Amino acid sequence: METIWFWLVACMLAAYVIFDGFDFGAGIVHFFVARTGAERRTVLSTVGPVWDGNEVWLLAAGGTLYFAFPALYASSFSGFYLPLMMVLWLLILRGVSIEFRNHVQSPVWQPLWDAGFSIASVLLAIFFGAALGNVVRGVPLDAQGEFFLPLWTDWTPGKSPGILDWYTVLSGLAALAALALHGSLWVALKTGGEIERRARRAASVVWWAVLVLVALLTLASFGIQPRLRASFDARPWGWIFPFLAMAALVSIEEMNRRSQERAAFLSSCLFLATMLVSAAFGLYPSVLPSNGDPANSLTISNASAAHYGQVIGLVWFIPGMALAAAYLVYAYRSFAGKVRVEGDAE
Amino acid sequence: MDALTIHRLHFAFTVTFHYLFPQLTMGLALLILILKTMALRTGNPHYASAARFWAKIFAINFAMGVVTGIPMEFQFGTNWSRFAKSAGGVIGQTLAMEGVFSFFLESSFLGAFLFGEKRLGPKAHWVTALLVFLGSWASGFLIVATDAWMQHPVGYAVGSHGEMLLTSFWSLLLNPWVGWQYLHTMSGSVVTAGVVMASIGAFYLLTSSHQEHGRTFVRIGVIAAIAATVVLLFPSGDGQGRNIAWHQPVTLAAMEGLFDTEQGAPLAILGQPDMDRKRLDNPLVVPRALSFLTYQSWKAEVKGLDSFPPQNWPDNVPLIYYSYHIMVGLGTIFGVVLALAAFKLWRGSLYKSHGLLWVLMMMLPFPYIANTAGWITAEVGRQPWLIYGIMRTPAGVSAQVSSGNALFTLIGFLGIYTILAILFLFLVYREIEEGPEPAPAA
């Protein structure tokens, strides 16, 4: 039962990254692909109707994680207190920027919120990447399963790391590049003309950055967290995930070159999903490894909620998510095709 | 200041600010659905245009509710990790269900509701209004169910490490505390929405702009608010009061300012709790009324604070006493003003009664105050317990988050929410000033 919930939570988080990832990515490349006010309005209208629904994946994934693994939620949220609060503030800035930008027509108002949208998207991508880096590296859990990390110490992932060290910064930058690529492909898919051309060019440039950063990150991860190697050695079939990720990455560039926007975007979804699944596979059965005594690690057994609750949860979760999937199909169908924006005061 | 106080203020401030927005959107979702239903049944484009205006106000409030709501879900883990860890097996259910059942529904159809009127046609557009309404009211239910479990824990067992294990899913959802509290909360939300609608309508009538819409807003706002005020007093307020009398008698004593156990206990209308002398100063009371309201007997014994050990008293009796009296006092005033307005509406003279229109317009902030005072009564009344009778508040805090860190983020939230409040008022003011578009001539 714990294993089922481990994978359900992992899938929810992967869905969050794929969905909210493209609107983060659109924010990251916002100023590069859209030069005029009207173009920026067009880019925003590719995420405007869906960003809120995409962010629901964060709430739903967070809620599911809390319900299935309360000890993990309690320990990680309090241990990463400061960065999480900053994430909250950035999420507020970003949501407000998207929602309020088009309420006032003024040469100052709109660029202000464009900047808020873009800066918040860049910083959030780095923060989320660094958070994942922290989970892979491990944190100094005590016997009660609690810890508290300072923002940084000596920038090395040793025995007393900070939230930021060279490894987590690397994973933050890799996330920034991967989401920038994802967002460029989304913008290319949803727009036409000059914006689409710039987005496609941005994607092919960023692709090289993703390739280099992800290669470095993969090497560093296997070096820092020996569990990953042990997991893949114990269950070699798991190698399929990193290989799929590589194939997806190659396919992104190939499809982008052939102007197959939809295939390129879907490849990027597959790439993000398989990267995250690879990380989850490598950590399993840990959910938050200790960087000291391995006995203090939080695992699917010691962080999990009681059996009855997890069984009952499955009974409502499956129909609930089936309904949610139906709404999403409806919402994205009615939003299909390239966006058109009529008239912008410039 | 110690860390515990800061963590408490942190949650209290962020949740109080957050609830300013959902309390309008939940009630307004119902009123918009009513406007859409009237548009569909009468075929009069005037009602569709009225719904469109309120949808714009709804959208701004909804966005504020979303961005201030995400911090609420995070704070269980960040600031109250020991509570989150031990109670997660139970309240994790309702919180996760809110995400799965309510947020996906709301967010998927809100876009269609706000931007899809032309494309969808009147019937399908009405359905999106219905789904947004259902989503927001489901969300309210699951949050009230979470709070109800903290007020009156049911359907759980304690595990070997002190963690709560869910033993009955249906007890959690059908907690005897949930029904009255949910009805009371939602009626409060409809009062806020009704009063806001009537207030904006009165503003239009008094400024001689958008007259036709002004009349509709005043009419629907007043009728919805008076109906909801009646439900607030009876049965939901009464039922909620009896829940407290049975399950939290010490809280009832604090709310009523009853220091001494009495047979035929009086109901205090005014007076100041004096914590040093353990009595109510300058009281104005209705003799025996508290006994009657609580136990339907003029002579029944009501337990005062003296019946309980002081370590089980709520830690701020005057705050509970005053919050409760402000809530009840305002509710009574709403009842009187709205009943008068409804009477004049029936007689057809309300739209010309300048004095009463002024009162309706100025009423706008008071339902927010009454709702906030009600939640302070409930949540400070729960003290000194975080989970009533099981976990005291100091045991639930994140011990490893220092007071400096907590104070830093509290100040951060104070600043950010101030800016959000200014932005919000600015944007809502612009919408109100621009007003509803006139309906196209039929």
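**Some remarks on the overall build of chain A**
- Helix and strand counts for chain A come out as 13 helices and 2 strands.
- The globule rule puts the C-alpha radius of gyration for 346 residues at 20 Å, and the 20 Å found for chain A is close to it.
- Seen through its principal axes, chain A has C-alpha atoms that stretch 60 × 40 × 40 Å.
- A buried classification covers 57% of the 346 residues belonging to chain A.
- For chain A, the share of sequence-separated contacts (at least 6 apart) that also reach a separation of at least 24 residues comes to 76%.

**Considering the overall build of chain B**
- A count of helical and extended segments in chain B gives 14 helices and 8 strands.
- Its C-alpha atoms give chain B a radius of gyration of 23 Å, near enough to 22 Å, the size a compact globule of 442 residues would have.
- By principal-axis analysis of the C-alpha atoms, chain B measures approximately 70 × 50 × 40 Å.
- The buried share among the 442 residues of chain B stands at 51%.
- Restricting the contact set of chain B to residue pairs at least 6 apart, pairs at least 24 apart contribute 73%.

**Comments concerning the environment of B:Y324**
Residue and element names in this part refer to chain B.
- Tracing the backbone shows Y324 in helix α11 (residues 317–347).
- Residues Y324 and T377, 53 residues apart in the sequence, show an inter-C-alpha distance of 5.6 Å.
- Those residues in contact with Y324 that lie beyond four places of it in its chain are M255 and T377.

**What about the interface of chain A and chain B?**
- Taken together, the 49 residues of chain A in the interface contact 48 residues of chain B.
- Elements with a contribution of two residues or more to the side of chain A that touches chain B: α4 (51–68), α5 (70–79), α6 (81–100) and α13 (307–333) of chain A.
- Grouping the constituent residues of the side of chain A that touches chain B by class yields 34 nonpolar, 12 polar and 3 charged.

**Describing the packing of helix α8 (residues 166–190) of chain A against helix α12 (residues 261–283) of chain A**
Residues and elements named next belong to chain A.
- Between α8 and α12, whose axes approach to 9 Å, the crossing angle comes to 155°. The angle between α8 and α12 falls in the class roughly antiparallel. The handedness of the crossing between α8 and α12 is left-handed. Together, A178, L181, H182, L185, W186, A188 and L189 of α8 and E261, R262, A264, F265, S268 and L272 of α12 make up the contact between the two elements.

**Examining helix α7 (residues 109–137) of chain A**
Residue and element names in this part refer to chain A.
- Its 29 residues give α7 an end-to-end C-alpha distance of 42 Å, which sits within 8% of 42 Å, the value for a rise of 1.5 Å per residue.
- Of all 29 residues in α7, 21 are buried, a share of seventy percent or more.
- Once α7 finishes, G138 follows within two positions and takes phi at roughly 100°, a positive value.

**A word on unusual backbone geometry**
- Backbone torsion omega between A:Y284 and A:P285 reads 5°, so that peptide bond is classified as cis.
- Turning to its location among the elements, A:P285 is positioned in the loop between α12 and β1 (286–288).
- A cis amide bond links B:F234 to the next residue, B:P235, at an omega of 10°.
- Within the secondary structure layout, B:P235 lies in helix α8 (residues 211–247).
- The residue B:N282 is not glycine, and still its phi comes out positive at about 45°.
- With respect to the helices and strands, the residue B:N282 is situated in strand β5 (residues 279–286).
- Look at B:N282 and you get exposed, because 8 C-beta atoms sit within 10 Å.
- Phi angles above zero are rare outside glycine, and B:R288 is one such case at about 65°.
- Structurally, the position occupied by B:R288 is in the loop between β5 and α10 (289–295).

**Quick word on the environment of B:F62**
All names here are of chain B.
- Considering the arrangement of structural elements, one finds F62 in helix α3 (residues 45–78).
- The sequence separation of F62 and A157 amounts to 95 residues, and the corresponding C-alpha distance is 37 Å.
- When residues no more than four places from it in sequence are discounted, the contact partners of F62 are T25 and L110.

**Considerations on the nonpolar core**
- Ranked by internal contacts, the top residues of the largest apolar core, which has 231 residues, are A:V9, A:L181, A:L276, B:L31, B:I32 and B:W54.
- Among the elements that take part in this core, α3(B) stands out by supplying 18 residues, more than any other.
- The residues touching A:L276, leaving out its near neighbours within four places in the chain, are A:A10, A:L13, A:A14 and A:V17.

**Here's the deal with the pairing of β5(B)**
Residue and element names in this part refer to chain B.
- Judged from the 6 bridges that link them, strand β4 (residues 267–274) and β5 form a sheet pairing that is antiparallel. Directly across from L270, in β5, lies its bridge partner L284.
- Linkage of β4 to β5, two consecutive antiparallel strands, is achieved through a turn of 4 residues, within which K278 is found at a positive phi near 55°.

**Describing the confidence of the model for chain B**
Residues and elements named next belong to chain B.
- With 99% of its residues at a pLDDT of 70 or more, chain B shows a mean pLDDT of 92.
- Looking across chain B, the model is least confident in strand β2 (residues 164–166), with a mean pLDDT of 87, and most confident in helix α13 (residues 365–382), with 96.
- Reported confidences for the modelled complex are a pTM of 0.91 and an ipTM of 0.87.

**A short note on the environment of A:G62**
Residues and elements named next belong to chain A.
- As for its position among the elements, G62 is in helix α4.
- We classify G62 as buried; it has 24 C-beta atoms within 10 Å.
- When the C-alpha positions of G62 and R137 are compared, they lie 21 Å apart, and in sequence the two are 75 residues distant.

**Describing the packing of α4(A) against α3(B)**
- The N-to-C vectors of α4(A) and α3(B) enclose an angle of 15°; their axes lie 11 Å apart at closest approach. Between α4(A) and α3(B), the crossing angle belongs to the class labelled roughly parallel. Of the two possible hands of crossing, α4(A) and α3(B) adopt the one that is left-handed. Residues A:D52, A:L59, A:G62 and A:G63 of α4(A) form the contact with α3(B), whose participating residues are B:V66, B:I70 and B:E73.
- Within the contact of α4(A) with α3(B), the residues separate by chemical class into 3 nonpolar, 2 polar and 2 charged.

**A short note on helix α7 (residues 176–206) of chain B**
Residue and element names in this part refer to chain B.
- Compared with an ideal rise of 1.5 Å per residue, which puts 31 residues at 45 Å, α7 spans 46 Å between its outermost C-alpha atoms and is within 8% of the ideal.
- Burial analysis of α7 places 27 of its 31 residues in the buried class, the great majority of the element.
- In the stretch just after α7, S208 is the one whose phi turns positive, near 55°.

Calculation notes
- Residues numbered from 1 in each chain as written.
- Chains lettered and ligands numbered in written order.
- Predicted model: local features only at pLDDT ≥ 70, side-chain atom pairs only at ≥ 80, totals over all residues.
- Helix = DSSP H or I, 4+ residues; strand = E, 2+ residues; numbered from the N terminus.
- Rg over C-alpha atoms; globule rule 2.2 N^0.38 Å.
- Buried ≥ 20, exposed ≤ 12 C-beta atoms within 10 Å, placed from the backbone.
- Contact = placed C-beta atoms within 7 Å.
- Nonpolar A, V, L, I, M, F, W, Y, C, P; charged D, E, K, R; others polar.
- Axes fitted to C-alpha atoms, helices over the stretch in contact; angles between N-to-C directions.
- Parallel < 35°, antiparallel > 145°, perpendicular 65-115°, else oblique.
- Left-handed = near helix turned anticlockwise from the far one by under 90°.
- Expected span 1.5 Å × (residues − 1).
- Core = buried A, V, L, I, M, F, W, Y, C linked by C-beta atoms within 7 Å.
- Pairing = 2+ DSSP bridges.
- pLDDT = per-residue confidence, 0-100.

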